[in-house]
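Listed below, chain by chain, are the residues.
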Amino acid sequence: MGDSEYAYGTSLSVDSMKVIAESVGVASLADEAAKELADDVTYRLKTILQDAVKFMHHSRRQKLSIADIDYTLKAKNNECQYGFVQPDFVPFRFASGGGRELHFIEEKEIDLSEILYAPPPKIPLDVSVRAHWLSVDGVQPTVPENPPPLSKEVQKLESVDPITKLSKPTNKDAAGKPMCGKAARLKASESVHVKQLATHELSVEQQLYYKEITEACVGSDEGRRAEALQSLACDPGLHEMLPRMCTFISEGVKVNVVQNNLALLIYLMRMVKALLDNQSLYLEKYLHELIPSVSTCIVSRQLCLRPEMDNHWALRDFAARLMAQICKTFNTSTNNLQTRVTRLFAKALQCPSQTNNETGNGPSMASMKESEKTPLASLYGAVQGLAELGPEVVKVFILPRVRWLGERVEGALSGLGGADRLAAGNLKHQLLKVLAPVVRQLRQPPDLPEDYKRDYGYLGPSLQQAVSKVRASPSGGGSGGAVAVVTCTPPLVPSAPSPSIISHTAKPVETVTSRNVVIASPAPQSPAPSTPPPQKFVIVTSQQKPPQAQPSSSTGHIVVHSSQPTVVRSQNVQSVVVTSGPSGGAGGAGAAPPPQKVVVVGMQQPTSSSNQVSQAPVSVVTKPVFARGGCGGPPPPPELDDLSHLA
Amino acid sequence: MGEKSAPFLAVLQLLRKYNLKGTEEILKKEASLSDVECDNLDLPEVELANILTAHHTESDPYSYECAYESLKKFVETSLDIYKYELSTLLYPVFVHMYLMLILHDHNEHAFNFMEKFRSEQEDYCQDDLKKLSIVKNKNQIKGNELADIYSSNKFTVQLSRDASSQLKRYLQEQKSSTVIINIINKHIQLEVHDGPGRTQAQVRATTGGVLGEATRNENRAKVYYGLLKEPDIHVLPLPVEDEEEVEETPDKSKKKKAKKDNIFIKKPKSDPNAPPNDRIPLPELKETDKLEKGKALREASKRIQLGPESLPSICFYTLLNSGNTAICADICDDSTLLAVGFSYSVIKVWTLTPVKLRGMKSAEKLQDIDREAGDVLVRMMEEKDRDTSRSLYGHSGPVYKVAFDPFKTLLLSCSEDSSIRLWSLQCWTCVVVYRGHVWPVWDVRWSPHGHYFASGGHDRTARLWATDHHQPLRIFVGHLSDVDCIQFHPNSNYIASGSSDRTIRVWDCLTGAQVRIMTGHKTTVFVVSFSVCGRWLASGGSGGEVLVWDVATGLPATLLPPSHTAPVHALAFSRDGTILASGSIDCNVKLWDFTAITDEATGEEVASNNAAKEDKFLLRSYPTKNSPIKCLHFTRRNLLLAVGTYEGSS
């Protein structure tokens, strides 16, 4: 056995020989014989492998394939192995037990009839030739067919250790810009070596591109915007422009949050999304600009001019999802990104709950007063932001505050301010949505309303219903995503003090969540399968009409673009999702020229007209935002009538 | 008895020499040797020593280790001017000691010996040692490729005169080193050269062959590396060309004509290094070929002058959906056709221009055509346009190389099924199957003048063929391992072949003799390419290194700084010979300043540091998107075409 420990540690063991001998009917192989055999077989295998490498090289590959071995056997006048075909790699499984180790190939039993009756597999695509410019007069153009000039790994390395970039400036020269004769000569003659700094000049083309892209992204032409976002999401070689792009976004957010320009904020967030989606970019260096911008869009107390009408909730949801994506992508043990973001959101919920527990000492009372002022919209954003970070976060940071949040919701709902009531409704709905799956995991049935009331305060009963609903539909509970949202809406209706308002306020959220589905995975498209009986969602496809100003009629936040109210059965129908195109918003950001519309229509006519618009709090900028005076902001945004492009 | 008695006889002779009669008698009796045998004892001294030492060492495996250690010490303590040359001796001695240990059944010792010293060997020997170390007993030596090579050939070591006398003195002084003396006598050929000992870099530049360095004598023969005088084909078609040109671009024609005249003035100067035009018989040019040549010349007059400051554009043809099945590719001389060989035995030809691929008319229709008609060649083709690609079926194994003939009418392919096939690009069928190679054929190339082609394969031979003979005209034997690549000299008189034995050999087509052997590659040579002027040879190895050789001397001109990380499978010279492009399966195309390379090689060999060299020679590197390069080709106007296969985004 000592022989099996050779330095190129690849000898067949005596044991293997014995096992193989047994398998072919030689009951007891003498040790000596097995050893001889093992040595000989090892030698032969190795020579075959050595020759197979030649075949591999001549096939211009770097991976040995089974065919190579077959050809080697053929060249050595041995019979090939037949039927041993593995397209990619041989999945050896490993098992050990009783001091023995075993490598084997897992072979599944195949049912022949299954194969016979199965539809024939797709015919592989034919080989085709495609040409592109790898270099034009010595310069490699940055087109998608070429690799990004600076690979993601290098960008990552540079962001961690900027010195690497400085230490090899010549490389950059060779890869990126052409060194025309004059420059080369200059460089050669230059005897004094100035410390190389990272270069930030953009070429004329790049400046032009930057101008075009930024204009298109915030312009009014949706088609152009889609193209621009597509370019941001796919084009390699944008890394040189990244600093500017990120500054553009961050400045844009600062300005527009002050001006409450919801549309532009949305456009900017879509830019962030596109940059995040670009495979060839590594954004870590620019997070210090992006994260405040994104978090502003999540928790800012006011994002739009008419909080009671505009769907700024969608923006908060979208930004929260972006934040979650950023955390997932860039979180490392050194930057502790997720922890810091979590703390940021948790802070919005934290102070009051502590004070609540401490039952009112002097100073804490003061702080309570302070925190009471945290607007509901910000609370909503914080909840959403935390919820996107996963159920564990929900459990630790939201659940303990449910009682206090419930009080806030209760207070607002019973209050007079229309905007506040709307916000409270949204917040409540959102809380139920994120909490139900978590509570379901935590608590054992039976779910008694009294227990819930005791544990969770005001929201208890609603939560109980939501939980039992989740329990009833296992699939919905499992996924916990958008589908669950649809299912957990109905219990709201009876439990809420004023059902009409609740149903109203709940609706925008639903539009958002139905978009959620679209973004996360295009497959589970319609909420129809899991629609609970008391509620009816009708999906109406309609041709896009020219964007019209939001009718600020008595039905405030209800937008009807579809001229088909006949579809809607009144009375028990609560909302209608109007969307154009049966495929939902799957290609929303793509290039569908008439942008798709997702509008929720609440058909509850007898609304207690909640239009007593309490004056929205004067634009006070939340923490991450630094309002800059005198920034010549863009002209007032177009009427926001369409959020579907968020998808 | 005969064999066994040899040591006895030797001992007897020794006893007799020292006049030890008593012992001699006893030995005779005990070994029962007849007087007849004993009377004619006249073994030469050397052999006597040989037998005795062999006998001695056989019984003592430990002496090997001591002897090797002592040789190592000798090399290390010798003066620097000898050290590096002498150190090349260590590897062959080590290998043969290992083999002898195994031959004498000291398997355990052999194993320990290998483990102890293998790491000290040069890095480029490690692959061979890995291969050798699988030999673990006597029976395996016979039949092992590498062991056979070592035991049946002599390893060449070049030493300066002083170094060799140092070695001799050492060997005489050391009593224990009989093992080494034996090995040196039997298996190593010491080449003594006059002149000072070489430096480490110099030694390293030329070592690397399986059997050591090339000896100078082997590279003595004269090689006519100059270009042939071009036959005056352009005189005839030129007026026609000019007319056409005038029609096309009347405003520019003047300028071009001036340029063209320049080309003519340069050419006809007779090159002292050029072979006579009739040294090997070249085919007469047909009318169509002349037309093609004329076209080529016209194109050439339009080409861009390349240099480090005007780099070529690269057009990259990506093969999509090929999934590892596309092996090789070639682009025809006028850059209109692309052929790709696949691992599933098919060859596909694509047209790269809007002109579709046409077939020939059927036999009945062909009969109707008037053969005297001027446009018979056009008439015999089918009228309607066909596909943009065509498949050629016939091989029964992976197609390792496809090659267009210079006149775009024929295609050669070689395959694992050990055949070479000639395809017609007019009928789109196989015309001839050339059988001759025994094992897979790795490479096949046309002569630049057509008619001849060369192939090399796993059977360690390179062969020269003519299209009208079904058997090879020449078989070039000498490589110790697979002939992996082959290339014609631009004057068609020579063939260069690269091999897994890490040498490049140049063969004379006329005599069949090996006229150059070039050592210095440290890995298998996968591609060789002659420069446009014919004097230089570039080669790429499996380690990603690219070397440039001087055909005149057979010595490496430059070792380009290592930059590829995977085997180099494609090399191309720009048409004006100023740029060398290399493509590798590490998905990079690199451009080298060939003018600078040759300038340095011909001028003073200034020892410049490596970093500066890299800056100087490597002009630019273009990564592709996960597409290993299969083929590189400069068009007549110096646009670089590259072919690669997209291997997915993983």
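Criteria and cut-off values
- Throughout this description, residue numbers start from 1 for each chain and increase along the sequence as written.
- Naming scheme: in the order in which they are written, chains are lettered from A and ligands are numbered from 1.
- Given that the model is predicted, a residue must reach a pLDDT of at least 70 before its local features are reported, and side-chain atom pairs must reach 80 or more before they are shown or counted; all residues, however, enter totals for whole chains, interfaces and linings.
- The side-chain quantities take in all heavy atoms of the structure and omit both hydrogens and water.
- Helix and strand labels come from DSSP, where a helix needs a run of H or I of at least four residues and a strand needs a run of E of at least two; each type is numbered from the N terminus.
- Accessibility here uses a 1.4 Å probe with only protein chains present; expressed as a share of the type maximum, an area under 20% marks a residue as buried, one over 50% as exposed, and anything in between as partly exposed.
- In short, Shrake-Rupley with a 1.4 Å probe defines the accessible areas, and a residue's cover is counted only from the protein chains shown.
- Contacts were defined at the residue level, with two residues in contact if any of their heavy atoms lie within 4.5 Å.
- The term buried area denotes the loss of accessible surface (1.4 Å probe radius) that occurs when two parts are joined, taken as the sum for both partners.
- Any carboxyl oxygen of Asp or Glu within 4 Å of a side-chain nitrogen of Lys or Arg constitutes a salt bridge here.
- Pairing of N or O atoms within 3.5 Å defines a polar contact, subject to two protein rules: one partner must be a possible hydrogen donor and the other a possible acceptor, and residues neighboring in sequence count only if both atoms are side-chain atoms.
- Amino acids are sorted into nonpolar (Ala, Val, Leu, Ile, Met, Phe, Trp, Tyr, Cys and Pro), charged (Asp, Glu, Lys and Arg) and polar (every other residue, Gly among them).
- Convention adopted: a line fitted to C-alpha atoms gives each axis, helices being fitted over their contacting stretch, and angles between N-to-C directions are expressed from 0 to 180 degrees.
- Put simply, angles under 35 degrees are roughly parallel, angles over 145 are roughly antiparallel, angles from 65 to 115 are roughly perpendicular, and the rest are oblique.
- Two helices crossing with the near one rotated counterclockwise from the far one by less than a right angle form a left-handed crossing, whereas a clockwise rotation gives a right-handed crossing.
- For two strands to pair, DSSP has to find at least two bridges joining them.
- Directions drawn from the helix axis to the C-beta atoms are what define this arc.
- To qualify as a nonpolar core, a set must consist of buried Ala, Val, Leu, Ile, Met, Phe, Trp, Tyr and Cys residues joined through side-chain atoms within 4.5 Å.
- Think of pLDDT as the predictor's per-residue confidence, scored from 0 to 100.
- Between rings of Phe, Tyr and Trp, where Trp is taken as its six-membered ring, a pair exists when centres lie within 6.5 Å; planes separated by under 30 degrees are stacked, by over 60 edge-to-face, and by other angles tilted.
- In this analysis the charged atom, NZ for Lys or CZ for Arg, is taken to sit over a ring once it is within 6 Å of the ring centre and within 35 degrees of the ring normal.

With respect to the overall build of chain A
What chain A contains, in helices and strands, is 26 helices and 6 strands. The burial tally for chain A puts 44% of its 647 residues in the buried class. Total accessible area on chain A is roughly 33300 Å²; 58% of this is exposed by carbon and sulfur atoms.

Details of the overall build of chain B
Counting its secondary structure elements, chain B contains 21 helices and 29 strands. Taking all 650 residues of chain B together, 55% fall into the buried category. Residue pairs in contact within chain B that sit at least 24 positions apart in sequence constitute 59% of those at least 6 positions apart. Surface summary for chain B: the accessible area is close to 28800 Å², and the carbon and sulfur share equals 52%.

Quick word on the interface of chain A and chain B
How big an interface is tends to be expressed through the accessible area that disappears when the partners come together. Contacts between chain A and chain B engage 48 residues on the former and 59 residues on the latter. Summing the contributions of chain A and of chain B, the shared interface buries around 4900 Å²; its carbon and sulfur component is 55%. Contact with chain B buries area across many residues of chain A, yet His58(A), Arg60(A) and Val127(A) alone supply 17% of it, more than any other trio. The interface formed by chain A and chain B holds 4 salt bridges in total. For Glu416(B), the salt bridge identified is with Lys74(A), shortest N-O distance 3.1 Å. Between chain A and chain B we count 22 residue pairs in polar contact (both at pLDDT 80 or more) in total. Listing elements by their share of the side of chain A that touches chain B, those giving two or more residues are α2 (31-58), α3 (66-75), β3 (128-135) and α8 (181-189) of chain A. The leading source of residues in the side of chain A that touches chain B is α2(A), at 11 residues. Residues belonging to the side of chain A that touches chain B are distributed by class as follows: 20 nonpolar, 13 polar and 15 charged.

A short note on unusual backbone geometry
All names here are of chain B. If you check the backbone angles, arginine 460 has positive phi at about 65° while not being a glycine. Inspection of the secondary structure assignment puts arginine 460 in the loop between β13 (452-457) and β14 (461-466). The residue serine 492 is not glycine, and still its phi comes out positive at about 65°. Its location among the elements puts serine 492 in the loop between β16 (483-488) and β17 (494-499).

Focus: the packing of helix α5 (residues 62-77) of chain B against helix α8 (residues 107-117) of chain B
All names here are of chain B. Running from amino to carboxyl end, α5 crosses α8 at an angle of 20°, the nearest separation of the two axes being 10 Å. As far as their axial angle goes, α8 and α5 are roughly parallel. Relative to α8, the crossing made by α5 is right-handed. Contact residues: α5 offers Tyr62, Tyr64, Glu65, Tyr68, Glu69 and Lys72, while α8 offers His109, Phe113, Lys116 and Phe117. Residue composition of the contact of α5 with α8, grouped by class: 5 nonpolar, 1 polar and 4 charged.

Things to note about the sheet that holds strand β11 (residues 429-435) of chain B
Backbone hydrogen bonds are what pair the strands of a sheet, in a parallel or an antiparallel way. Residue and element names in this part refer to chain B. Reading across from one edge, β8-β9-β10-β11 is the order of the 4 strands in this open sheet, with antiparallel pairing throughout. Because the sheet does not close on itself, it has two edges, and the strands there are β8 (399-404) and β11. Looking at each pair of strands side by side, their axes are set apart by 20° on average, direction ignored. Here β8 runs beside strand β9 (residues 410-415); their pairing, made up of 5 bridges, is antiparallel. Paired with lysine 401 across the strands is cysteine 414, a residue of β9.

So, helix α11 (residues 145-152) of chain B
Residue and element names in this part refer to chain B. Of the positions making up α11, those classed as buried are Leu146, Ala147, Ile149 and Tyr150. For α11, the angular spread of the buried residues around the axis is 160°, confining them to a single face. Elements that come into contact with the buried residues of α11 comprise α7 (90-103), α9 (126-132), α10 (138-141), β1 (155-160) and α13 (178-187). Near the N-terminus of α11, the side chain that reaches the backbone nitrogen of leucine 146, with its oxygen 3.0 Å away, is that of asparagine 144.

Things to note about the pairing of β16(B)
Residue and element names in this part refer to chain B. A large share of β16 lies buried, amounting to 6 of its 6 residues. Summarising the sheet, β16 and β17 pair through 5 bridges and their orientation is antiparallel. Paired with glutamine 487 across the strands is alanine 496, a residue of β17.

Remarks on the pattern of salt bridges
Residues and elements named next belong to chain A. Within this structure, the stated rule accounts for 41 salt bridges over all chains. A salt bridge links arginine 270 to glutamate 222; the nearest nitrogen and oxygen atoms lie 3.4 Å apart. Residue arginine 270 is located in helix α12 (residues 262-277), and its partner glutamate 222 is located in helix α10 (residues 222-234); the two are separated by 48 residues in the primary sequence. Across this residue pair, the class does not change: arginine 270 and glutamate 222 are buried. Between lysine 395 and glutamate 392 there is a salt bridge, with its nearest N and O atoms 3.9 Å apart. In this pair, lysine 395 and glutamate 392 are both assigned in helix α18 (residues 391-398), 3 residues apart and thus about one turn of the helix distant.

As for the pairing of strand β26 (residues 588-593) of chain B
All names here are of chain B. In terms of burial, β26 is a largely internal element, 6 of the 6 residues being buried. A two-sided burial pattern is seen for β26, the buried positions comprising Asn588, Lys590 and Trp592 on one face and Val589, Leu591 and Asp593 on the other. Relative to β26, strand β25 (residues 579-584) is paired through 6 bridges, and the arrangement is antiparallel. Looking at β26, one finds that isoleucine 579 is bridged to aspartate 593. The turn joining β25 and β26, which pair antiparallel and follow one another in sequence, is formed by 3 residues; a positive phi near 65° is taken by cysteine 587. In this sheet, strand β27 (residues 618-623) lies alongside β26 in antiparallel orientation, the contact comprising 5 bridges. Along β27, the bridge assignment pairs asparagine 588 with proline 623.

Observations concerning the sheet that holds strand β15 (residues 474-477) of chain B
All names here are of chain B. Reading across the sheet, the 4 strands line up as β12-β13-β14-β15 and stay open at both edges, with antiparallel pairing between neighbours. The open sheet is flanked by β12 (441-446) and β15, the only strands paired with a single partner. When strand polarity is set aside, the average angle formed by the axes of neighbouring strands in this sheet is 20°. In this structure, β12 lies alongside β13, joined through 5 bridges in antiparallel fashion. By the bridge assignment for β13, tryptophan 446 is matched with phenylalanine 453.

Details of the packing of helix α11 (residues 242-258) of chain A against α12(A)
All names here are of chain A. One way to put it is that α11 packs onto α12 with a least axis distance of 9 Å and a crossing angle of 155°. Viewed along their axes, α11 and α12 adopt a mutual orientation that is roughly antiparallel. Taken as a pair, α11 and α12 cross one another with a handedness that is left-handed. Contacts between α11 and α12 pair Leu242, Met245, Phe248, Ile249, Gly252, Val253, Asn256 and Val257 from the former with Leu264, Leu265, Leu268, Met269, Met271, Val272 and Leu275 from the latter. A breakdown of the residues in the contact of α11 with α12 according to their chemical character gives 13 nonpolar, 2 polar and no charged.

Focus: the side chain of Arg505(B)
Residues and elements named next belong to chain B. By secondary structure assignment, the location of arginine 505 is in strand β18 (residues 503-508). Within polar-contact distance, the side chain of arginine 505 engages the side chain of threonine 503 at 3.4 Å. Leave out the neighbours within four places in its chain, and arginine 505 touches Gly478, His479, Leu480, Ile495, Ala496, Ser497, Gln514, Arg516 and Ile517.

Brief notes about the nonpolar core
Core analysis: the largest hydrophobic core is formed by 91 residues, its most contacted members being Leu232(A), Met269(A), Val294(A), Ile398(A) and Leu435(A). When neighbours within four sequence positions are excluded, Leu435(A) is seen to be in contact with Val394(A), Ile398(A), Leu399(A), Val402(A) and Leu463(A). In this structure, Tyr150(B), Ala163(B), Val210(B) and Leu480(B) belong to the second largest nonpolar core, which totals 51 residues.

A short note on the confidence of the model for chain A
All names here are of chain A. Model confidence for chain A is summarised by a mean pLDDT of 67, while 59% of its residues fall at 70 or above. Mean pLDDT per element in chain A: helix α25 (residues 492-495) is the minimum at 32, and β3 is the maximum at 90. Predicted confidence for residues 1-8 stays below pLDDT 50, and this span has 16 contacts to residues more than four positions away or in other chains. In this model residues 353-371 is a low-confidence stretch, pLDDT under 50, and it forms 14 contacts with partners more than four residues away in sequence or in other chains.

Some remarks on the packing of aromatic side chains
Summed over the entire model, instances satisfying the criterion amount to 21 aromatic pairs over all chains. Through a chain of ring-to-ring contacts, three or more aromatic side chains come together here, namely Phe55(A), Tyr71(A), Tyr400(B) and Trp442(B). In this structure, Arg225(A) is placed above the aromatic ring of Tyr267(A), and the distance from its NZ or CZ to the ring centre is 3.6 Å. Stacked on the ring of Tyr124(B), the Lys or Arg Lys522(B) has its end atom at 5.3 Å from the ring centre.

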